[in-house]
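What follows is the residue order along each chain.
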Amino acid sequence: MLMLAGAAQSVVNHPGPIVKSPSDNRDYRAITLDNGLKAMLISDPTAVAASAAVDVHVGAFHDPEDRPGLAHFCEHMLFMSSEKYTEEDGYAKFLESNGGGANAFTASTHTNYFFAVQPTAHQEAMDRLAQFFIKPDISDDAVSREVLAVNSENEKNQQSDGWRKDQLLRSLASKGHPYHKFGTGSNVSLNVPHIADKLSEWYHKHYGAPVMTLAVVGNEDLDTLAKWAEASFGSIPSRNATVPTFEDAPRPYPASEMPRAYLVQPVLHAEELSVAFALPGVEKAKHSLPLDFLSHLLGHEADGSLTALLADKGWAQGVWAGADEAEADMTLFTIDVALSDEGVKHWDSVLALVFEAALALHPTAPHLRVHQRAQRAPSIAATATGGRRAAPRR
């Protein structure tokens, strides 16, 4: 069905029902704007706040080799101002004055921008967010100040053991795979001549409507949300943007160079054994929830589990298992063991038990039953919470 609104723009409503929990009373509609941007509209008459999020299918993996952190820096700069809304930091001020706020994050292949605000300010907040992707103001003055903000964030991260471990793993990856890149950015990588021009060139190459997805939640009806989405986000240029792939890149950690082991001095007092497995990407198998399945089998605490065994020996205070990185072409699955003092003395035995647990993951009948339960868990959780899923652990 084609729904016309305006002289030159159109919205395509995707046919077919949207599967939701029986207890979910919200209405949903999936649409594609004429410029290629996809949107999910959610009408919730009981909502006391309104929100929207835009996901751009580009991230730190797409940084130029000579400008690490450029995608993250771009995320920062888009908050400053635009041709339509010229006041610097006007977006944040508007949201705060209407009981809301905003944030964003840059991941490996995605950058996400989101806000929440009082319903009365919903339409204008959407329009202000849309201007990020239509004509932002990337001025030299704002650039120089925002480089300092990115550098400050990097300095803060250097005191985080989790960030330090993550960057160590990246720095040791193959230079032929984008996982090796330094995604935060710093004064060294960004405080360079003509950085505003470099940023503008990168932005206009990667930030186009076909690689963007919009989600909108409000107490308005679906027709109103669709009209607002088209009016604001339908003007985002296509810019011929496509999603780059890395299928032809070498593995981040060649099998010939495995296994590796490193001792890391933490900033804080922390005794931990961390084992990272470089696995293929799971994009084509994501609906079967393979990572949830592995995380459950290796991280649960029932009798006979790795956690229970290590706890009985007095070697561990806890075990976490899950994907630190899950992209279309690679997965980094990690098992973290919080060691006790005795566990530090027997770290080699702890390591042997971790590998033993991993090697025991064969497709046996009990494991298949666990997998079936893991596949049902999202729908059960949605039913129990009225369609609202809890945030993931990490």
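Please read all numbers here as calculations on a predicted model, not as lab measurements. One numbering rule holds for all chains: residues counted from 1, following each sequence as written. Per-residue local features are limited, in this predicted model, to residues with pLDDT of at least 70; the limit for side-chain atom pairs, both in listing and counting, is 80 or more; totals at the level of whole chains, interfaces and linings are taken over all residues. Remark: hydrogens and water are excluded; side-chain values derive from all non-hydrogen atoms of the structure.

(A) Fine view of the overall build of the protein. A tally of regular secondary structure across the protein gives 13 helices and eleven strands. Think of it in three bands: residues with accessible area under 20% of the maximum for their type are buried, residues over 50% are exposed, and the middle band is partly exposed, with areas taken using a 1.4 Å probe on protein chains only. When burial is assessed residue by residue, the protein has 43% of its 394 residues classed as buried. Accessible surface computed for the protein: about 20,700 Å², of which carbon and sulfur atoms make up 55%. Elements are defined by DSSP. Helices are runs of H or I of four residues or more, strands are runs of E of two residues or more, and each kind is numbered from the N terminus. The accessible surface values rely on the Shrake-Rupley method and a 1.4 Å probe; as for residues, cover is taken only from the protein chains in view.

(B) Region of the structure containing the packing of aromatic side chains. For this analysis, a ring pair means two rings from Phe, Tyr or Trp (six-membered ring only for Trp) whose centres lie within 6.5 Å, classed as stacked if their planes differ by under 30 degrees, edge-to-face if by over 60, and tilted for the remaining angles. Here the structure, examined in full by the defined rule, presents 13 aromatic pairs. Relative to F132, the ring of Y113 lies with its centre 5.8 Å away and its plane at 90°, an arrangement referred to as edge-to-face. Of this pair, Y113 sits in strand β7 (residues 111-117) while F132 sits in the loop between α3 (122-130) and α4 (140-157), placing them 19 residues apart in sequence. With centroids separated by 5.9 Å and ring planes inclined at 55°, the aromatic side chains of F132 and F133 adopt a geometry described as tilted. Residue classification places F132 among the buried positions, given a relative accessible area of 3%. Its relative accessible area of 0% is what places F133 among the buried residues.

(C) The arrangement of the sheet that holds strand β11 (residues 330-339) in detail. Here three strands make up an open sheet; going across it, the order is β9-β11-β10 and the pairing antiparallel. Every interior strand has two partners, whereas the edge strands, β9 (272-280) and β10 (316-326), have only one. Ignoring which end each strand starts from, the neighbouring axes of this sheet average 15° apart. Two strands qualify as a pair provided that DSSP identifies no fewer than 2 bridges between them. Judged from the nine bridges that link them, β10 and β11 form a sheet pairing that is antiparallel. Opposite V319, over in β11, you have V337 as the bridge partner. Set on the sheet, helix α9 (residues 290-299) makes contact with β9, β10 and β11; between it and β10 the angle comes to about 165°. Whenever a helix is involved, its axis is fitted only over the stretch in contact; in every case the axis is a line through C-alpha atoms, and angles between N-to-C directions fall within 0 to 180 degrees. Residue contacts follow a heavy-atom distance rule, with two residues in contact if any of their heavy atoms lie within 4.5 Å.

(D) Examining the pattern of salt bridges more closely. Take a side-chain nitrogen of Lys or Arg and a carboxyl oxygen of Asp or Glu: if they are within 4 Å of each other, that pair is a salt bridge. As enumerated under the stated definition, the model contains 14 salt bridges in all. Of the charged contacts, one joins K165 and E272 as a salt bridge, the two residues approaching to 3.5 Å between their closest N and O atoms. In this pair, K165 sits in helix α5 (residues 161-171) while E272 sits in strand β9, placing the two residues 107 residues apart along the sequence. E272 sits in the partly exposed class, given a relative accessible area of 46%.

(E) Empty space enclosed by the protein, seen in detail. Here a cavity denotes grid points, spaced 1 Å and computed from the protein atoms alone, that fit a 1.4 Å probe unable to get out, and a pocket denotes an open set having protein on both sides within 12 Å along at least 5 of 7 lines; residues with an atom within 4 Å of a point are the lining. Grid points are joined across faces, edges and corners, and a volume is the space filled by probe spheres set on the points. Tallying each qualifying case throughout the model produces one cavity of 30 Å³ or more. Its volume calculated, the largest cavity comes out at about 80 Å³. If you go around the largest cavity, the residues you meet are L78, F79, M80, S81, S82, Y85, E87, G90, Y91, R128, Q131 and F132.

(F) Geometry of the confidence of the model for the protein. pLDDT is defined as a per-residue confidence score from the predictor, taking values between 0 and 100. Across the protein, the average pLDDT comes to 87, with 88% of residues at 70 or higher. Within the model, the stretch residues 380-394 combines pLDDT values under 50 with 22 contacts to residues more than four positions away or in other chains.

(G) Local environment of the layout of surface pockets. Empty space within the second largest pocket amounts to approximately 1,400 Å³. A per-element tally of the lining of the second largest pocket places β9 first, with seven residues. Polar here means any residue other than Ala, Val, Leu, Ile, Met, Phe, Trp, Tyr, Cys and Pro, which are nonpolar, and Asp, Glu, Lys and Arg, which are charged; Gly is therefore polar. Looking at side-chain class alone, the lining of the second largest pocket contains 26 nonpolar, four polar and seven charged residues.

(H) How the structure looks around the nonpolar core. Judged by nonpolar contacts, the single largest core of 58 residues is most densely connected at F73, Y113, F133, Y207 and F233. When residues in this core are grouped by element, the largest group, six residues, is from helix α8 (residues 222-233). Ignoring anything within four residues of it in the chain, the contact list for F133 reads V54, V56, L78, Y113, Y203, Y207, M212, I236, P237 and R239. Only buried residues count toward a nonpolar core. Its members are Ala, Val, Leu, Ile, Met, Phe, Trp, Tyr and Cys residues joined through side-chain atoms within 4.5 Å.

(I) Structural detail: the packing of helix α2 (residues 90-97) against α3. Contact pair α2 / α3: the axes reach a minimum separation of 10 Å and the direction vectors enclose 165°. On the basis of the axis angle, α2 is roughly antiparallel to α3. Read as a crossing pair, α2 and α3 show a hand that is left-handed. Two secondary-structure elements touch here, α2 through G90, Y91, F94 and L95 and α3 through E124, A125, R128 and L129. Residue composition of the contact of α2 with α3, by class: five nonpolar, one polar and two charged. Roughly parallel means an angle under 35 degrees; roughly antiparallel means over 145; roughly perpendicular covers 65 to 115; every other angle is labelled oblique. By definition, turning the near helix anticlockwise from the far helix through less than a right angle yields a left-handed crossing, and turning it clockwise yields a right-handed one.

(J) Representation of the side chain of D44 in the model. If you trace the backbone, D44 turns up in the loop between β4 (38-43) and β5 (50-56). We call two N or O atoms a polar contact when they sit within 3.5 Å, provided that within protein one can donate a hydrogen and the other can accept it, with sequence-adjacent residues counted only if both atoms are side-chain atoms. A polar side-chain atom of D44 sits 2.6 Å from a polar atom in the side chain of T46.

(K) Spotlight on the packing of helix α1 (residues 70-77) against α4. One can describe the packing of α1 onto α4 by two numbers: an axis separation of 10 Å at closest approach and a directional angle of 120°. Accordingly, the angle class assigned to the pair α1 and α4 is oblique. As for the relative orientation of α1 and α4, their crossing is right-handed in sense. Listed contacts from α4 to H72, F73, H76 and M77 of α1 are A142, V143, E146, V147, A149, V150 and E153. Of the residues belonging to the contact of α1 with α4, the class tally is seven nonpolar, two polar and two charged.

(L) Focus on helix α12 (residues 347-359). What a helix is expected to span follows from its residue count: subtract one and scale by 1.5 Å. Here α12 is 13 residues long and its end C-alpha atoms lie 18 Å apart, about the 18 Å a rise of 1.5 Å per residue gives. Considered for burial, the residues of α12 that qualify are V350, L353, V354 and A357. In an axial view of α12, the angular spread of the buried residues amounts to 105°, which keeps them on one side of the axis. Residues E356 and L359 are exposed on α12 and point more than 90 degrees away from its buried face. Those residues of α12 that are buried lie in contact with β9, α9, α10 (306-312), β11 and α11 (341-345). What the arc covers is the set of directions going from the helix axis to the C-beta atoms.

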